[in-house]
Amino acid sequence: MIFENLFSAFEAVFALHNLGLMAAGVACGLIAGSIPGFTITMAVVLTLPFTFGMSSVEGLSTMLGVYVGGLTGGMFASALIGIPGTPSAISTTFDGFPMSRAGRPGLALGLGLWSSFLAGILSAIVLVVMAPTLAAIGLEFGPWDFFTLVCFALTIAASLSDGALVKGLIAGVFGMVLAAVGEDAINGAERLTFGIESWRAGFDFLPVLIGLFAFSQLLSDMQDTEAARKPMLSGRHAAVRMEHLESIRLNFRHWLTVVRSSAIGLFIGLLPAAGSSISNILAYDQEKKASKHPEKFGTGIPEGVIASEASNNATAGGALIMMMALGIPGDAVTAVMLGALTIHNIAPSPTFISTQPQLAYAIMVAYFLANFMTLALTSGCLRIFMLVTRVPLYILGVVILAYCAIGVFTLSNVISDIWTLLMFGILGFVMQQRGFPLTPMVLGVVLGPVAELNLSRALSTSDDLTLFVTRPWALFFTVMAVFSICFPLYQRAREKGHAWSRYYGAAFMAAIGLPLLMMEGWFRTGLGGLLILAAVAIAWRRQRNAG
């Protein structure tokens, strides 16, 4: 059965029409990624209206092409002009730009390209192995477990919101409130419509998403009128040629950096809503700490470029694992893909791989293929990409804004969707100006119906509220949610040297070990026991050292 589904997936992905769509997606992702201020999420959101008339395989393959291409494209501006093309390429600037200024722009781009490719292939292998296993675990979940999983996803998104924990939580809860607008799916009662007829059906996912990510970003970019009139890239790097052989040699020479940074990227991708903007900075920091010559970082050394680019591409594999196995978006891009699945009447859940095996395997195959396409298209078309990114921002902004309105209107052919786009675009702009992160809000909009449905199922099954903390998986996610909320407090306490911060890690290990100890199976029980024993040993050792 597996080989039959895999063969069907290969047949669908390698169809000539689908290959053309994927190639176009990769090219668009590379272009969008190379433009400072134009995020990968924005590029994928703008691709979504194109997928309405496509099959599920074609639509998701195209978006995967944009996703993978955008992750690699961000290094162009980072290495050539010192401005990150995307948040996932911030750390690439630290060593990529000094390397370019030293006369080796081709080496900087080549290192980034090949480390991205190798990390992408590694994460694709982990995706194929890990997603079905995690999905099998997800089949054990009941409504209590799903509800606490959504709560955990929202809390970790808030805790990773650049230190704005309270604002992240507010944004997440507000997103869930917006998801509740309209008629109740269970009993049909109207909620929060305020007598507005167009709100009775709720807010469509696409206008909300495009408004929050695309329109609000355009409003932010256009604030500086002088910058908007200027071309984004200068012409001095128009004839750059990548140094492929030297880049391959250096990547294999620093293979431990590739593997270590890929592992960090995969782990961050598994965390709901974390994303590559975090993984690239974390991987760069860890590589600098592990280096024998940390003082050279920031001067243009290969390890800095490799660590950043390997980690951000590997994050995609981790995010796809969470999306396919549990129906929880690993980052903002996979949140968009979840929306695309719902548009095609496919419900993302732990049963996704078992009920939609051809589509699931097609996503895996397409992710593999997207990495190879990115390698080929980046190598052959770099000059074209540089020419496109010299277009002034205000011209691109006008074209994209018009496309946003047309794409939203074609969804349901109603004017109210355009007003929704405008409303959420202004809302997203104001929230960004006030320091409220948008990702938790989008997660709230996406996961709000999932939380509501499972909460209703749990309460209708049993009125025993203790099941939310006595069921092993529910307790596991509740513990994770509590510790993710406390994590920013722990960071501040550690910086100030508070005594309790020394025991945070041990307390976390013990708390996680308890629900594992309650689960069936010798492996989970044994792992839970080991975690508790290790937590006690660590706490005792730190207490002794402190004394």
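First, a word on what this report is: a plain description of the structure on this page. None of these values were measured; they are calculated from a predicted model.

1. Things to note about the environment of Thr47
Then, in step 1: Along the polypeptide, Thr47 turns up in helix 3 (residues 40-47).
Then, in step 2: For the pair Thr47 and Gly29, spaced 18 residues apart in the sequence, the C-alpha separation amounts to 9.7 Å.
Then, in step 3: Setting aside its immediate chain neighbours within four residues, Thr47 contacts Thr62, Met63, Val66 and Tyr403.

2. Some thoughts on the packing of aromatic side chains
Then, in step 1: Tallied over the full model, the rule gives 14 aromatic pairs.
Then, in step 2: Relative to Phe468, the ring of Phe147 has its centre 5.8 Å away and its plane inclined at 70 degrees; by these criteria the two rings are edge-to-face. Of this pair, Phe147 sits in helix 7 (residues 143-159) while Phe468 sits in helix 21 (residues 467-470), and the two are 321 residues apart along the sequence. As far as burial versus exposure is concerned, Phe147 and Phe468 are alike and both buried.
Then, in step 3: Ring centres 6.3 Å apart and planes at 25 degrees place the aromatic pair Phe152 and Phe477 in the stacked group. With Phe152 in helix 7 and Phe477 in helix 22 (residues 472-496), this residue pair connects regions lying 325 residues apart in the sequence. Residue Phe152 shares its accessibility class with Phe477, and that shared class is buried.
Then, in step 4: An aromatic cluster is present here, built from Phe152, Trp473, Phe476 and Phe477 joined pairwise through their rings.
Then, in step 5: Seen from the ring of Phe436, Lys167 lies directly overhead, with NZ or CZ sitting 5.3 Å from the centre.

3. Focus on helix 4 (residues 56-80)
Side chains that are three or four residues apart share a direction in an α-helix, a result of its 3.6 residues per turn.
Then, in step 1: Helix length check: helix 4 (25 residues) gives 37 Å between terminal C-alpha atoms against 36 Å at 1.5 Å per residue, within 8%.
Then, in step 2: The element helix 4 is extensively covered by neighbouring structure, given that 25 of its 25 residues are classed as buried.

4. Structural notes on the nonpolar core
Then, in step 1: If you look at the biggest cluster of nonpolar residues, it comprises 139 residues, and the most contacted ones within it are Tyr67, Met324, Met337 and Phe352.
Then, in step 2: Residues from two domains meet in this core; each of domain 1 (1-139 + 164-461) and domain 2 (467-545) gives at least three.
Then, in step 3: The residues touching Met324, leaving out its near neighbours within four places in the chain, are Leu127, Ser349, Phe352, Ile353, Ala360, Ile363 and Met364.

5. Points about the packing of helix 3 against helix 15 (residues 332-343)
Then, in step 1: It is at 9 Å that the axes of helix 3 and helix 15 come closest, and there the two elements cross at 15 degrees. Taken together, helix 3 and helix 15 sit at an angle that is classed as roughly parallel. Helix 3 and helix 15 meet at a crossing whose hand is right-handed. From helix 3, Ile40, Thr41, Val44 and Val45 reach across to helix 15, where they touch Ala332, Val333 and Val336.
Then, in step 2: Of the residues assigned to the contact of helix 3 with helix 15, the class counts are six nonpolar, one polar and no charged.

6. Examining the pattern of salt bridges
Then, in step 1: Counted under the stated rule, the structure contains three salt bridges.
Then, in step 2: The salt bridge involving Asp145 is made with Arg471; its shortest N-O contact spans 2.9 Å. Highlighted residues: Asp145 in helix 7 and Arg471 in the loop between helix 21 and helix 22, separated in sequence by 326 residues.

7. Side note on a positive patch on the surface
Then, in step 1: On the surface, a cluster of positive charge is contributed by Arg502, Arg541, Arg542 and Arg544.
Then, in step 2: Tracing the backbone through its elements, the reader meets Arg541 in helix 24 (residues 522-546).
Then, in step 3: Judged by relative accessible area, which is 47%, Arg541 ranks as partly exposed.

Reading the values: rules and limits
- Residues numbered from 1 in each chain as written.
- Predicted model: local features only at pLDDT ≥ 70, side-chain atom pairs only at ≥ 80, totals over all residues.
- Heavy atoms only, no water.
- Helix = DSSP H or I, 4+ residues; strand = E, 2+ residues; numbered from the N terminus.
- Contact = heavy atoms within 4.5 Å.
- Phe/Tyr/Trp six-rings, centres within 6.5 Å; stacked < 30°, edge-to-face > 60°.
- Buried < 20%, exposed > 50% of the residue type's maximum accessible area, 1.4 Å probe, protein only.
- Lys NZ or Arg CZ within 6 Å of the ring centre and 35° of its normal.
- Expected span 1.5 Å × (residues − 1).
- Core = buried A, V, L, I, M, F, W, Y, C linked by side-chain atoms within 4.5 Å.
- Domains from an automatic or database assignment.
- Axes fitted to C-alpha atoms, helices over the stretch in contact; angles between N-to-C directions.
- Parallel < 35°, antiparallel > 145°, perpendicular 65-115°, else oblique.
- Left-handed = near helix turned anticlockwise from the far one by under 90°.
- Nonpolar A, V, L, I, M, F, W, Y, C, P; charged D, E, K, R; others polar.
- Salt bridge = Lys/Arg side-chain N within 4 Å of Asp/Glu carboxyl O.
- Patch = residues over 30% accessible without salt bridge, like charges linked within 9 Å, V, L, I, M, F, W, Y side chains within 5 Å.
- Areas by Shrake-Rupley, 256 points an atom, 1.4 Å probe, with all protein chains shown as cover.
- Lys, Arg positive; Asp, Glu negative; His and termini not counted.
- Charge placed at Lys NZ, Arg CZ, Asp CG, Glu CD.

Any link to function would need more than the numbers given here.
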